[in-house]
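Structural description and commentary
What follows is the residue order along each chain.
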Amino acid sequence: MTTEEQQQHEQHGDQAQQPPRAPQADREDRLTEQVVESFRGASSERYRQVMQSLVRHAHAFVREVRLTEDEWQQAVSFLTRCGHITDDKRQELILLSDVLGLSMLTIAVNQPPEPEVTEATVVGPFFVEGAPQVSFGEDIARGATGEPCWFEGTVRGSDGAPVPNARLDVWEADSEGRYDVQHPGGRSAGRAHLFTDDEGRYGFWGVTPTSYPIPHDGPVGDLLAAAGRGPMRPAHLHVMVSAPGHRRLVTHLFVAGDPYLGDDAVFGVQDSLVVGLHRQQPGTPTPTGRTVEGHWARARFDVVLGATPPPGAPL
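Residues numbered from 1 in each chain as written. Predicted model: local features only at pLDDT ≥ 70, side-chain atom pairs only at ≥ 80, totals over all residues. Heavy atoms only, no water.

**With respect to the packing of aromatic side chains**
Aromatic ring pairs are reported here in terms of the distance separating the ring centres and the angle at which the planes meet. What counts is decided by this rule: Aromatic pairing here means that ring centres of Phe, Tyr or Trp (its six-membered ring) are within 6.5 Å. Orientation follows from the plane angle: under 30 degrees is stacked, over 60 is edge-to-face, and everything else is tilted. Counting from the N terminus, the helices are the DSSP runs of H or I reaching at least four residues and the strands are the DSSP runs of E reaching at least two. Each residue is placed in one exposure class: buried if its accessible area under a 1.4 Å probe, protein chains only, is under 20% of its type's maximum, exposed if it is over 50%, and partly exposed if it falls in between.
Taken as a whole, this structure holds nine aromatic pairs when the rule is applied. Taking the centre distance of 5.9 Å and the plane angle of 75 degrees together, the rings of F136 and W150 count as edge-to-face. With F136 in the loop between α6 (102-109) and β1 (148-157) and W150 in strand β1, the pair connects residues that are 14 residues apart, well separated along the chain. The exposure class assigned to W150 is buried, which follows from its relative accessible area of 1%.

Below is the structure:
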């Protein structure tokens, strides 16, 4: 027997030893490929790639867990509830993405490659466009309750150069762990935007961040309860920084020592974002000459922005 005949004999032997595929498996595979094929004519190559991959992974999930029809109906009902509870002040689908870690995974995939660039984290469901502008040294609290806290830092590029006129959007919860949009009346408190000076510096007054639960009175709360998970987020200040020639950054300043740093409901904590909060005794002079009765705090958070990628490069 020649070498070629031997190889053919071994190949046919291997095939003969393989058990025939079950009709059920063939039925499932044919359906998946039929759906994948339905996107082949998409005009956008990226759309085609994303949707075909989504179909393959979603179908693989259904096969892996052998999803029942009742479970599928429960999933549809759950997503419908997420849509119904969502409004201009609450985004339950973002909250769902956050607690499943999908938000942070997407952020991790898109983190700039420069190691010195400040790490990004979740936007969260309480960002609001059109926050009022404040100048250096002004107070963003505007009625939000809490211990006064002075926040300061610099914004630099990955080359170390200061970034003047960078825009910072900042927002935080009050001492009750609630954002302004969670209070009645429609006031704007605990949020603002400001710009860095010629040396890339910024500074403003706010309130000392506090830990709080994410909204858990809806479907996402039911999901957490069923999983035996808690809804708490560690104390933090939201910071969004944008400047021409640089990638936009969405991140947090986390407070060192917070008990929930290792158990964040949305997996947003990065060690590099945890900073010390320095509490000051009553009567300690403030950076702006403001008179504060009682204790106050201060924190420094320096930001490094990545450069805008060249045209055609992934963002």
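Moving on from the coordinates now.
**Notes on unusual backbone geometry**
Unusually for a residue other than glycine, R66 sits at a positive phi of about 50 degrees. With respect to the helices and strands, the residue R66 is situated in the loop between α3 (45-65) and α4 (69-85). Note on R66: relative accessible area 47%, which makes it partly exposed. Backbone geometry places R142, a non-glycine residue, at a positive phi of 50 degrees.

**Concerning the environment of G306**
Rule in force here: Contacts were defined at the residue level, with two residues in contact if any of their heavy atoms lie within 4.5 Å.
Topologically, G306 is positioned in the segment after β12 (303-305). When the C-alpha positions of G306 and S158 are compared, they lie 5.6 Å apart, and in sequence the two are 148 residues distant. Setting aside its immediate chain neighbours within four residues, G306 contacts E114, V117, G245, H246 and R247.

**Concerning empty space enclosed by the protein**
Which entries qualify depends on this criterion: Throughout, the protein atoms alone are placed on a 1 Å grid, and a set of points is a cavity if a 1.4 Å probe fits but cannot get out or a pocket if it is open with protein on both sides within 12 Å along at least five of seven lines; lining residues have an atom within 4 Å of a point. Grid points are joined across faces, edges and corners, and a volume is the space filled by probe spheres set on the points. Residue polarity follows a fixed list, in which Ala, Val, Leu, Ile, Met, Phe, Trp, Tyr, Cys and Pro are nonpolar, Asp, Glu, Lys and Arg are charged, and the others, Gly among them, are polar.
Evaluated as defined, the whole model comprises one cavity of 30 Å³ or more. As for the largest cavity, its lining consists of 15 residues, and the residues nearest its centre are G124, P125, F126, Y212 and R233. Of the residues contributing to the lining of the largest cavity, the split by class is eleven nonpolar, two polar and two charged.

**Some details on the pattern of salt bridges**
Any two side chains of opposite charge can pair, on the condition that their charged atoms come close. Condition: A pair is scored as a salt bridge if a Lys or Arg side-chain nitrogen falls within 4 Å of a carboxyl oxygen belonging to Asp or Glu.
Applying the stated criterion to the full structure yields 14 salt bridges. Note that R201 is salt-bridged to D197, the shortest N-O span being 2.9 Å. Residue classification places R201 among the partly exposed residues on the basis of a relative accessible area of 40%. The closest approach of N and O atoms between D302 and R300, which form a salt bridge, is 3.2 Å. For R300, a relative accessible area of 42% puts it in the partly exposed group. Three or more residues are tied together by salt bridges with common partners; here these are R90, E92 and D217.

**Some thoughts on the nonpolar core**
Soluble, globular proteins show a tendency: their nonpolar side chains are buried together. Cut-off, in case you're wondering: For the purposes of this section, nonpolar cores are sets of buried Ala, Val, Leu, Ile, Met, Phe, Trp, Tyr and Cys residues that join through side-chain atoms within 4.5 Å.
By size, the foremost hydrophobic cluster in this structure holds 45 residues, and its most contacted members are V155, F204, V241, L253 and F301. Ranked by the residues each element gives to this core, the list is headed by strand β8 (residues 249-255), at four residues. Discounting residues that sit within four places of it in the chain, F204 has contacts with G137, E138, I140, C149, W150, F151, V170, L194 and L237. Core analysis: the second largest hydrophobic core is formed by eight residues, A173, Y179, Y212 and V250 among them.

**Examining the packing of helix α2 (residues 23-37) against α3**
Selection criterion: Axes, fitted as lines to C-alpha atoms, cover a helix only where it is in contact. Angles between the N-to-C directions of the axes lie from 0 to 180 degrees. The cut-offs work like this: below 35 degrees is roughly parallel, past 145 is roughly antiparallel, 65 to 115 is roughly perpendicular, and the gaps in between are oblique. The handedness criterion is simple: a crossing whose near helix is rotated anticlockwise from the far helix by less than a right angle is left-handed, and one whose near helix is rotated clockwise is right-handed.
Interhelical geometry of α2 versus α3 gives an angle of 160 degrees and a closest axis separation of 9 Å. In terms of axis orientation, α2 runs roughly antiparallel to α3. You can see that α2 and α3 cross each other, and the crossing is right-handed. Contacts from E28, D29, L31, T32, E33, V35 and V36 of α2 reach α3 at Q52, V55, R56, H59 and R63. The residue makeup of the contact of α2 with α3, split by class, is four nonpolar, three polar and five charged.

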